[in-house]
Amino acid sequence: MPVLNEAAYLPTALERLAAQTYPADEVEIVIVDGGSTDDTLDIAARAAAADSRIRVLGGPGVNCPAGMNLGIAATRGRYVAKVDGHGYPEREFLERAVARLEADATLGCVGGRIVPLGDGEVQEANRIARFSVLGVGRGVYTLDAREQLVDTVQCGVYRREALDAVGGFDPALQFGEDEELNYRVRQAGFGILFDPRIEFRYWIRPTVHSLFRQYRNYGLARVRVVRKHPAFFSPKHAAPAAAVGALGIATAGLLVGPRAVRGISTLAIGGYLAAIGLGAAWLAIRHRFGRPDLIAASLAALHLGYGIGTLRGLWQWLRERP
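Reading the values: the criteria
- Residues numbered from 1 in each chain as written.
- Predicted model: local features only at pLDDT ≥ 70, side-chain atom pairs only at ≥ 80, totals over all residues.
- Heavy atoms only, no water.
- Phe/Tyr/Trp six-rings, centres within 6.5 Å; stacked < 30°, edge-to-face > 60°.
- Helix = DSSP H or I, 4+ residues; strand = E, 2+ residues; numbered from the N terminus.
- Buried < 20%, exposed > 50% of the residue type's maximum accessible area, 1.4 Å probe, protein only.
- Axes fitted to C-alpha atoms, helices over the stretch in contact; angles between N-to-C directions.
- Parallel < 35°, antiparallel > 145°, perpendicular 65-115°, else oblique.
- Left-handed = near helix turned anticlockwise from the far one by under 90°.
- Contact = heavy atoms within 4.5 Å.
- Nonpolar A, V, L, I, M, F, W, Y, C, P; charged D, E, K, R; others polar.
- Patch = residues over 30% accessible without salt bridge, like charges linked within 9 Å, V, L, I, M, F, W, Y side chains within 5 Å.
- Areas by Shrake-Rupley, 256 points an atom, 1.4 Å probe, with all protein chains shown as cover.
- Salt bridge = Lys/Arg side-chain N within 4 Å of Asp/Glu carboxyl O.
- Core = buried A, V, L, I, M, F, W, Y, C linked by side-chain atoms within 4.5 Å.

Colleague: Help me understand the packing of aromatic side chains in this model?
Modeller: Aromatic ring pairs are described here by two measures, namely the spacing of the ring centres and the angle between the planes. Here the structure, examined in full by the defined rule, presents five aromatic pairs. An angle of 40° between the planes, with centres 5.6 Å apart, marks the rings of Tyr9 and Trp203 as tilted. In this pair, Tyr9 sits in the loop between β1 (2-3) and α1 (10-18) while Trp203 sits in strand β9 (residues 191-203), placing the two residues 194 residues apart along the sequence. Considering the side-chain rings of Tyr215 and Tyr218, the 4.9 Å spacing of their centres and the 70° angle between planes classify their relative orientation as edge-to-face. Linking Tyr215 with Tyr218, this pair stays in helix α9 (residues 208-228), spanning three residues, or about one helical turn. For Tyr215, a relative accessible area of 5% gives the class buried.

Structure follows, in structure tokens:
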């Protein structure tokens, strides 16, 4: 469990791990801290003192993938669960995942549904936007509720053999580490299974700005993953960057362009805003949520954050090329 300043969520995460239906004497819990400045370490230390299965590792500068590698190296089990400290697994999370892995030796990882949690209107809007096709397209957050082989899962349970075969997580990827690892797991010949009966509950970002930052980081990470694995690229990865680029050009044309260009720019910007507004209204009706304006802001944060992050990653790539 890699953590960084998760004092508000860690007690619940540990409580839910202790309540797993999987045999308790077969579970090791390794908390790897990345340099928390809140009460995370105190909470972890008290938990370790009360439960011999819990160990606390890490320190300042240890990011999520490096923390995962530390935790994996410190454990002995045949299976490794990546548990996010910003949420918690349902009671049968481990039992169901391990059962699927033991039933099919070709599987390298099993994961399930990410169930969003939140309080208040802003988090609800962020939840609706993030778990919609209009917000993130087709992917891990919008999978059909049926068992299926997939490209990636979040908070998966891994066969150690698969992790050993690919060399673990890439410490150079602060974000996007799951997708990159899962790509290598599939390339090594293992399958990744999505089982909707397996659930991990995750707290949604509390503000529109924090959602924007999260997806800006994801966009930046996606470029790094594609740089490492060109075959990973899909046209959908470039869509937000293309939209941001087009909006940037349209804005410039609106400010300094001749009359004809200003007219085209107005249509382009107006078209995007209209699409966001209509999409937000549809989602608000579908989810019986009375604030389509907040959903619109969340959708824009997802699109602009991911697009800006992608463009920033491309710029860094160009600057680093010889």
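The structure having been displayed, the exposition proceeds.
Colleague: Quick question: what am I supposed to make of the packing of helix α10 (residues 235-256) against helix α11 (residues 259-287) here?
Modeller: Contact geometry of α10 with α11 gives a least axis separation of 8 Å together with a crossing angle of 140°. When the axes of α10 and α11 are compared, the pair comes out oblique. For the crossing formed where α10 meets α11, the hand is left-handed. Listed contacts from α11 to Leu247, Ala250, Thr251, Gly253 and Leu254 of α10 are Val261, Arg262, Ser265, Thr266, Ala268, Ile269 and Tyr272. Taken together, the residues of the contact of α10 with α11 sort by class into seven nonpolar, four polar and one charged.

Colleague: In this structure, what is going on with a nonpolar patch on the surface? I would like to understand it.
Modeller: On the surface, a cluster of nonpolar side chains totalling about 330 Å² of accessible area is made up of Leu254, Leu255 and Val256. Structurally, Val256 is set in helix α10.

Colleague: What exactly am I supposed to notice about the nonpolar core here?
Modeller: Generally speaking, soluble globular proteins have nonpolar side chains that are buried together. Met1, Leu10, Leu14, Val110 and Phe200 are the most contacted members of the largest nonpolar core, which totals 33 residues. Those elements that provide at least two residues to this core are α1, β2 (29-33), α2 (40-50), α4 (93-103), β6 (107-117) and β9. At five residues, α4 tops the list of elements feeding residues into this core. Contact partners of Leu14, with chain neighbours within four places excluded, come to Met1, Ile29, Ile31, Ala47 and Ile54. The next biggest cluster of nonpolar side chains, apart from the first, holds 23 residues, and it includes Ala125, Tyr272, Ala296 and Leu299.

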